[in-house]
Amino acid sequence: MKRIAIIGGGTAGLAAAYELEKARLRGADIDWQLYEASPRLGGLLSTTRIDTLEGRFILEDGPDGWVTEKPWARDLALELGLADQIIPCHEEHRRTLILIDGKLQPMPSRMRMMVPEDLAALEGSTLFTDSARAAYAAELANATTLKASAPTHDESVADFVLRHFGQEVLTKIGSPLLSGVFGGDVHTLSVRAVMPAFVRMEQEHGSLIAALQAKSKERGSRPPQPAFTSLRNGMGTLAEALIAKLPPERIHLQREAYSLKREGKLWCLRTTTPNTTAKSKRHFQHILLATPVCVTRHLLTPLDAAAAALIPTETSSAVLAAFAWPAPAARQIHLPEGFGFLVPQTSNEAGALVPQAMEGAGAFRPLNSDGEKGALAPARTTLLAATFVDQKYPDRAPTGTRILRAFFGGITAEAMMTQPDEPIIAAAHEQLTHILGPLPAPIPTMTTIRRWPNSLPQYAVGHLERMAQLDIHIAKLGGLTLLGNGYHGVGIPDLIRDARATVRTLLS
Ligand SMILES: Cc1cc2nc3c(=O)[nH]c(=O)nc-3n(C[C@H](O)[C@H](O)[C@H](O)COP(=O)(O)OP(=O)(O)OC[C@H]3O[C@@H](n4cnc5c(N)ncnc54)[C@H](O)[C@@H]3O)c2cc1C
């Protein structure tokens, strides 16, 4: 019998457990056990549901959906019997706004990230200056040169976008879009790791606009598929459906893995035990390490320090503040059409990226050790983004009610990590009000704050090469697989694809 341990019960660990359990039920001679440090499974995948007389409010604690183009989350949801739960975003209202000089400007329609399908859509855009429009036109005209000079090596997302569209497009949409997904700095993020489709488009067509136009021609009159997909009762439904398929006796909560050692042909795994100082030790043939990168690096360092050094070192933290309002209060809220807005960071005198200056209040003021508000920070929009939740997906809130979700990242999120909810709620509410106009006061029972420290690993330039080397090191250790968001994609579909494929290979 093959004994397998999964360490970490987030999306990656649960998807691996599900696949192992399916194989066991089909008769595979395996004994798997899952160890999770916290008292609950799901990791970042979690939904808060608030039932009121008006109906149900769905507040996502972490991810709010997935990119439709990647089929693996949908496939799993279908397999789990969640067909009636799968919902597309409101594609007809898909529009992202960008905060420029205190005003929300819509991105032109029919754009894929920073690339327009149709130059005509840029004509009336208030977001771009004539110089950005000229840069877009030049990109299409220079397709042949761009194809001939496409780099054969990795580069930063910033360099890639600058080569195609110039500084204005990078600052206004390239950087905030990528920061919204990866929480990182476009000057260090690897284009090959985080935007592989765009690199392929360049290799094939030179111009990214030409590549999108070719795709659109291929599609013909078929409407584009909705960009995002989610689950009606929230993304936590996916974790709940996976957990329902797993025998509880194989799941060990509040069991933090703190040491992994080779003992002959077996792995010796040491974990804490809940509510005691006693430790537990068990032996396994194979370990699936599905922990966040900082934990994985810590466990791997004594086994192979060189391998551990290949794991992304930079991570970004996130803090989410979600506000729900019942119908009478929600009537005061007037939102522009769209899914939400992004806030480009501006450069300070030293050239470092900082949040936008903002007139008046709204800065995050941490509490000092006496619980008093600290010195007034310079007034800045420290938000990275906000989602108009009920405009993005159907059935998130009862008719006439509203949900807004604010997203903080980078140094602001780091500072908020140890703070109580109150100053975070105040900062989010003040900044949203400043940008969107008057909002009703937050309702404590309908407001959530979620902190996700070091949750997004940064795929720095050269990431794919480092992952290839890491694979070689891990293969040499034998009986060990790394899963989770540090390696081959941070999105929920990527994690599901890798976890399920790993288990199938392991058992084949
Ligand atoms: C704010 C935010 C929003 C996002 N939105 C989206 C989105 O809309 N769509 C999308 O596709 N992706 C999104 N992502 C990315 C995606 O959610 C994550 O990459 C993914 O959830 C990570 O899953 P995981 O299983 O790798 O890690 P986690 O979910 O972090 O799970 C790791 C688990 O390991 C456990 N653990 C840690 N240490 C130990 C230990 N020593 N022993 C045992 N267990 C341990 C943890 O408690 C945790 O349960 C978002 C990320 C963030 C931060």
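Residues numbered from 1 in each chain as written. Predicted model: local features only at pLDDT ≥ 70, side-chain atom pairs only at ≥ 80, totals over all residues. Heavy atoms only, no water.

A. Structural detail: the environment of Ile100. For Ile100, the location among the structural elements is in strand β7 (residues 96–100). Take Ile100: its relative accessible area is 15%, and that puts it in the buried class. Expressed as a C-alpha distance, the spacing of Ile100 and Arg112, which sit 12 residues apart in the sequence, is 20 Å. Contact partners of Ile100, with chain neighbours within four places excluded, come to Gln105, Leu127, Lys172 and Pro344. (Helix = DSSP H or I, 4+ residues; strand = E, 2+ residues; numbered from the N terminus. Buried < 20%, exposed > 50% of the residue type's maximum accessible area, 1.4 Å probe, protein only. Contact = heavy atoms within 4.5 Å.)

B. Representation of the pattern of salt bridges in the model. Across all of its chains, the model carries 28 salt bridges by this definition. One salt bridge connects Arg3 with Asp31, and the closest N-O pair in it is separated by 2.9 Å. In this pair, Arg3 is assigned in strand β1 (residues 2–7) and Asp31 in strand β2 (residues 30–35), connecting sequence segments 28 residues apart. On the accessibility criterion, Asp31 (10% relative accessible area) is buried. In this structure, the salt-bridge partner of Arg451 is Asp421, at a minimum N-O distance of 2.6 Å. With Arg451 in strand β25 (residues 447–457) and Asp421 in helix α16 (residues 421–436), this residue pair connects regions lying 30 residues apart in the sequence. For Arg451, a relative accessible area of 24% puts it in the partly exposed group. Each member of the salt-bridge network shares a partner with another, and the members are Glu19, Lys22, Glu79, Arg500 and Arg504. (Salt bridge = Lys/Arg side-chain N within 4 Å of Asp/Glu carboxyl O.)

C. Geometry of the sheet that holds strand β12 (residues 251–252). The strand order β12-β2-β1-β16-β26 describes an open sheet built from 5 strands, whose pairing is parallel. A strand with exactly one partner marks an edge of an open sheet, and here the two such strands are β12 and β26 (480–482). Note: β1 against β2, 6 bridges, orientation parallel. When the sheet's bridge partners are listed, Arg3 is paired in β2 with Asp31. (Pairing = 2+ DSSP bridges.)

D. How the structure looks around helix α2 (residues 72–79). What α2 keeps buried is the set Ala73, Leu76 and Ala77. Taken end-on, α2 shows its buried residues confined to a sector of 100 degrees, consistent with a single buried face. On its buried face, α2 sits against α1 (11–25), β5 (66–67), β6 (86–88), β11 (228–231), α10 (236–244) and α18 (492–507). Residue Gly81 follows α2 closely and has a positive phi angle near 80 degrees. (Arc of directions from axis to C-beta.)

The analysis is restricted to geometry; functional conclusions fall outside its scope.
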